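Each chain, letter by letter, is given below.
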Amino acid sequence: MHFAFYMKITFNIHYGTGQGEKLHLNIHHADGSTTCYCMNLINGDHWQYELRLDDVEQQYLDYHYAILHADEEVRSEWTTQAHRIDIGRMELNDYTLWDNWIDIPHDTYLYSSAFTECVNRREDCGIRRADNPTSLRLKVRAPQLRGYERLVVSGAHPMLGEWNLDRAIPCIEQAPNEWVCDINAEYLADQDLEYKFVAVGHDEALWETDDNRHIQIGRLHRGDSVEYELSQAFFRIWNVKKAGTLIPVFSLRTEGSFGVGDFGDLKRMIDWVEYTGQRLLQVLPINDTTMQRTWHDSYPYSCISVLALHPLYADLRQLPPLNDKAKAAKFETLRKELNALREIDYERVIKAKEEYLRLLFAQERTAVFSSEDYKRWFCEEERWLVPYAQYSYLRDDYGTADFSKWPDHNIWNESEREALTNPRNKAYKKASYYYYVQYILAQQMRSAHEHARHKRVILKGDIPIGVHPLSCDVWQEPSYFNRQYQTGAPPDDFSINGQNWGFPTYNWEEMLKDGCQWWVRRFQNMQKYFDAYRIDHVLGFFRIWEIPGDAVHGLLGQFQPALGMTPAEITAYGLPFDEAAFTEPYIIKEIIEDIFKDKAAYVRDTFLVPQTNGRYKLRPEVDTQKKVQQFFASLKDTEQGSQDSSFLRDGLYTLLSNILFLPDHRKPGVYHPRIAAQHSYSYKLLLTEQEQSNFNRLYDDYFYKRNTLFWQREAMKKLPRLVEATRMLVCAEDLGMIPSCVPTVMTDLRILSLEVQSMPKEYGVRFGNPERYPYRSVCIIDSHDMAPLRQWWDEDEPRAQEYYSQMLGRRDSAPHPLPCWLARDIISRNLLAESMLCVMSLQDWLAISEDLRHPDPNAERINIPANPHHYWRYRMHINIDDMMQNHRFCDDVAEMIRQTGR
């Protein structure tokens with residue numbers, strides 16, 4: 001829309017600045033850029049700027065204020081929802097604004113699209129603004145209002161209805177939770193207006209809780225307008241608590257599925273969520289992971305593109321039918337066969353779907369590529385789509401995703417973009433299939449998203465912490481990644497040796513140079529499909545567990561960035577630093593015999609070299625864990641029994657991990673204590689009892705105190721940019737070895753924490769108490785990385801008995817297997833948690849129904865984190881329609897949610 005007229009806008013704000021600081025006005029433009037203006041200090045804390053507009057091409061003008069010192073920004077307002085002026089509402093001469101500084105609100109979640117577009121979704125009420133020649137505009141934020149409520153202004157003056165709600169002035173919502181009311185000010189000069197805001201809806205009215213408001217009206221000329229931005233309106237409306245379900249898209253099942261859940265099945269699952277009174281559906285990552293087209297690609301957290309969607313999820317039912325009836329019949333027969341399987345046959349499913357999509361591409365591409373919708377979509381997505389398409393066809397042409405082994409194109413070349421977008425070019429013909437597939441996937445996922453919004457269901461996605469080291473992202477923008485290192489996690493309940501995810505670590509120094517645009521684009525792309533998201537391993541934004549490229553286990557990792565220790569600092573703790581003794585594997589005869597038992601002599605002769613000091617060194621061909629892994633992988637079965645091979649391999653891994661300190665990956669002469677070193681032979685045999693005590697003190701200081709403020713600063717360089725990049729509801733997985741600064745940062749940024757009863761964050765507590773969870777949190781019983789409730793209950797009976805007695809207050813013996821009534825009791829208690837969101841896995845919901853629960857609880861596990869080669873193939877054992885038709889079950893779920901106030 002284009003508005004051509006002259007307008008002068010005078011911005012006013014009261015804000016106390018420090019010495020040398022200046023207030024700046026930042027105008028937002030439609031292309032995402034901003035223009036910064038230095039404001040004038042009128043007096044005291046009153047800042048002002050006059051902006052003249054001669055030609056305006058947008059309906060609204062959005063802006064925010066920031067503080068600069070020496071031309072560097074030191075503070076900024078909350079920018080997720082900036083100030084807004086409705087420029088296109090009328091032609092005015094002078095527009096005067098009186099603004100307030102807006103910090104990130106405590107109820108930020110109510111401004112998220114999860115609430116404004118889903119839970120509290122409001123339809124257009126049809127109210128339009130009055131065209132007043134001289135206007136007083138009141139602007140207020142009222143995020144507590146529910147979807148059926150509207151805001152009105154009532155006051156003492158006749159123009160405000162004399163406190164009669166039937167004559168109150170209706171407000172209009174010009175931005176999410178931001179309401180404006182226009183009053184004809186032509187005859188209100190020099191008057192004091194007394195008024196209040198009122199929330200009306202469903203035949204009830206709620207008056208705001210604070211005292212009556214007053215505003216003194218000055219003298220205005222005809223054609224002028226003044227706008228007052230007021231403090232937030234509060235009402236007696238209690239905090240919202242909602243329930244939801246967690247299920248991967250690939251695990252969904254309907255009668256028409258093609259052997260795997262798809263974006264069409266996602267719509268049906270949304271229907272079930274809405275039908276049972278839930279308000280959230282959480283899924284796992286849906287990005288493309290295609291590397292080898294084998295079951296190894298089933299790992300959803302190892303994507304080849306953070307923006308591309310996985311072809312696995314294409315719903316073929318939503319596409320035109322194949323014109324070739326014989327082939328269509330063949331695919332239908334195959335579909336029924338694959339859909340009857342208990343689990344996903346990943347390799348057959350992806351092969352069949354890609355074959356089908358290629359046939360359909362040849363049939364439909366002309367019509368699709370000529371459509372205006374496709375052309376518009378392509379322009380929006382071209383930046384990432386073109387490199388992704390070239391990467392994908394090169395991977396197929398060269399038979400490997402390892403771009404370092406390609407004969408050419410080892411890195412993305414921007415100069416080839418033009419050829420890849422020119423239909424007359426050979427490269428375009430190869431790339432265009434991937435354009436087509438991504439287009440139909442985007443259409444289907446956006447349709448599922450809109451369906452969820454229409455049902456007032458929050459669709460919650462998942463942002464993995466890493467990308468595959470051979471991904472398109474690494475190929476396209478290698479400077480953002482440290483490929484010589486691997487991402488993982490220190491030892492925890494899932495893995496005593498730590499976890500090695502194999503992802504490259506991020507080069508944050510490079511990413512911060514452009515304001516983390518790679519991450520911003522990733523988050524903004526995600527908001528096209530979701531209204532909430534889970535940040536996988538949010539601790540990685542504070543510090544990541546970085547493992548050397550030649551290591552297999554996570555034990556040899558170190559936190560990066562981190563403040564390593566100098567030899568002098570280590571010595572000051574009462575540990576005289578000996579680099580050879582402390583930083584190299586400590587291998588002596590006693591250790592070899594203890595680890596390898598009757599194989600000790602064989603190990604000494606085959607893998608070790610004796611030293612003059614009674615110690616041994618590993619031979620060069622096995623002096624890293626990766627070399628050990630490769631050595632045993634190359635052995636033939638006849639050379640060594642597989643059981644012996646695993647025993648020897650794991651023993652050599654242990655020898656290589658037998659270290660007290662690790663050299664810093666980047667700074668020579670700086671060291672980090674090895675994680676869990678107290679369980680190593682080095683600790684037990686090298687150190688005296690006093691030195692062990694000294695090491696423990698150093699260890700605790702290093703991991704739990706030394707880096708706390710440093711890691712907090714590191715997180716605040718990154719997370720605020722990402723949190724404010726979209727209006728999605730931000731949740732985070734903050735489990736594991738949690739620095740004490742993490743809750744502070746998450747509170748400051750209003751990020752929802754994750755609370756798991758079996759993994760409490762309080763020291764010395766066996767099980768978490770849902771009644772003590774913070775409101776700004778997500779409560780779960782288990783995640784995709786954990787055993788579902790029924791399996792968890794039976795895999796450790798003493799633990800189950802302890803839970804049964806301690807948390808449920810029962811004095812009898814815990815029953816096994818877990819009965820339906822007890823599953824219902826456990827779930828109900830979690831639904832009563834103080835958390836804003838309580839999300840149950842579908843497997844746990846089904847546990848309350850004798851008719852629907854899986855016959856085998858051990859078949860419901862989605863992932864086993866300790867196994868880096870796990871096959872992700874779990875599917876619902878019943879289809880969604882049958883589940884919905886079991887009214888007793890659905891009513892039971894709905895009643896539990898109603899009774900617990902969710």
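All values derive from a computational prediction rather than experimental measurement. (Residues numbered from 1 in each chain as written. Predicted model: local features only at pLDDT ≥ 70, side-chain atom pairs only at ≥ 80, totals over all residues. Heavy atoms only, no water.)

Q: Where do I start with the packing of helix H2 (residues 263–275) against helix H7 (residues 426–454) in this structure?
A: For any two helices packed against each other, one specifies the crossing angle of their axes together with the interaxial distance. Remark: H2 packs on H7, axes separated minimally by 9 Å, with the N-to-C direction vectors making an angle of 5°. Here H2 is positioned roughly parallel relative to H7, judged by the angle of their axes. Counting all contacts with H2, which are made through Phe-263, Leu-266, Lys-267, Ile-270 and Asp-271, the residues of H7 involved are Leu-441, Gln-444, Met-445, Ser-447, Ala-448, His-451 and Ala-452. A class-by-class count of the residues in the contact of H2 with H7 yields seven nonpolar, three polar and two charged. (Axes fitted to C-alpha atoms, helices over the stretch in contact; angles between N-to-C directions. Helix = DSSP H or I, 4+ residues; strand = E, 2+ residues; numbered from the N terminus. Parallel < 35°, antiparallel > 145°, perpendicular 65-115°, else oblique. Contact = heavy atoms within 4.5 Å. Nonpolar A, V, L, I, M, F, W, Y, C, P; charged D, E, K, R; others polar.)

Q: So what exactly am I meant to see when it comes to the sheet that holds strand S14 (residues 178–184) here?
A: Each strand in a sheet pairs with another by means of backbone hydrogen bonds, the pair being arranged parallel or else antiparallel. Pairing is mixed in the open sheet, where eight strands are placed in the order S4-S5-S1-S9-S18-S10-S14-S13. Two strands in the sheet have a free side with no partner beyond their single neighbour: strand S4 (40–43) and strand S13 (172–175). For this sheet, the mean angle separating the axes of adjacent strands, direction not counted, is 25°. Relative to strand S18 (residues 224–229), strand S9 (residues 94–99) is paired through five bridges, and the arrangement is parallel. If you follow Tyr-95 over to S18, its bridge partner there is Ser-225. (Pairing = 2+ DSSP bridges.)

Q: Honestly, the environment of Ala-452 in this entry has me stumped. Any pointers?
A: With respect to the helices and strands, the residue Ala-452 is situated in helix H7. Counting along the chain gives 171 residues from Ala-452 to Leu-281, while the straight-line C-alpha distance between them is 8.9 Å. Those residues in contact with Ala-452 that sit more than four places away from it in its chain are Ile-270, Val-457 and Leu-459.

Q: What should I look at first to understand the sheet that holds strand S32 (residues 753–756) in this one?
A: Taken together, the eight strands give an open sheet; going across it, the order is S31-S24-S21-S20-S19-S34-S33-S32, and neighbouring strands pair in parallel fashion. Either end of the sheet is taken by a strand with one partner, and the two such strands are strand S31 (729–732) and S32. Strand-to-strand twist in this sheet, taken as the mean axis angle between neighbours without regard to direction, amounts to 25°. Pairing of S32 with strand S33 (residues 777–780), which is carried by four bridges, proceeds in the parallel orientation. Paired with Glu-755 across the bridge in S33 is Cys-779. Each of strand S21 (458–463) and strand S24 (532–535) is contacted by helix H10 (residues 517–526), which is oriented at about 150° to S21, the strand it contacts most.

Q: Please clarify how the packing of aromatic side chains should be interpreted in this entry.
A: Given two aromatic rings, their pairing is described by the distance between the two centres and the angle made by the two planes. Using the criterion set out here, one finds 70 aromatic pairs in the structure. With a centroid separation of 5.9 Å and 90° between ring planes, the pair formed by Tyr-195 and Phe-197 is classed as edge-to-face. Comparing Tyr-195 with Phe-197, the two get one shared label, buried. The side chain of Lys-330 reaches across the aromatic face of Phe-331, ending 4.8 Å from its centre. Over the face of the ring belonging to Trp-711 we find Arg-543, whose NZ or CZ atom lies 5.2 Å from the ring centre. (Phe/Tyr/Trp six-rings, centres within 6.5 Å; stacked < 30°, edge-to-face > 60°. Buried < 20%, exposed > 50% of the residue type's maximum accessible area, 1.4 Å probe, protein only. Lys NZ or Arg CZ within 6 Å of the ring centre and 35° of its normal.)

Q: How do you make sense of the side chain of Asp-62 when you look at a structure like this?
A: Mapped onto the secondary structure, Asp-62 falls in strand S6 (residues 60–69). Of the polar contacts made by the side chain of Asp-62, one reaches the side chain of Arg-84; its length is 2.9 Å. Leaving out residues up to four positions away in the same chain, Asp-62 has contacts with Asn-26, Ile-27, His-28, Ala-82, His-83 and Arg-84. (Polar contact = N/O pair within 3.5 Å; in protein donor to acceptor, adjacent residues only side chain to side chain.)

Q: Even after reading the chapter, I still don't get unusual backbone geometry, so can you show me in this structure?
A: Most peptide bonds take the trans configuration, and most residues that are not glycine carry a negative phi. In this chain, Gln-560 is followed by Pro-561 through a cis amide linkage whose omega measures -5°. For Pro-561, the position within the fold is in the loop between strand S26 (558–560) and helix H11 (567–572). With an omega of -5°, the peptide bond between His-816 and Pro-817 qualifies as cis. Position of Pro-817 relative to the elements: it lies in the loop between helix H22 (797–806) and helix H23 (820–831). Its identity is not glycine, yet Asn-177 carries a phi of approximately 70°, on the positive side. Its place among the elements puts Asn-177 in the loop between S13 and S14. Assessed through its relative accessible area of 2%, Asn-177 is described here as buried. Positioned with a positive phi, Lys-597 is a non-glycine residue whose angle comes to about 50°.

Q: I tried to follow the nonpolar core on my own but got confused; where do I start?
A: Ranked by size, the top nonpolar core spans 217 residues in total, and within it Leu-266, Trp-272, Trp-519 and Met-883 carry the most contacts. No other element matches H7, which puts 15 residues into this core. Setting aside anything within four residues of it in sequence, one finds Trp-519 in contact with Ile-463, Ile-465, Tyr-506, Trp-508, Met-511, Phe-541 and Leu-722. Formed by 28 residues, the second largest nonpolar core is a distinct cluster that contains Leu-136, Ile-169, Ile-215 and Val-226. (Core = buried A, V, L, I, M, F, W, Y, C linked by side-chain atoms within 4.5 Å.)

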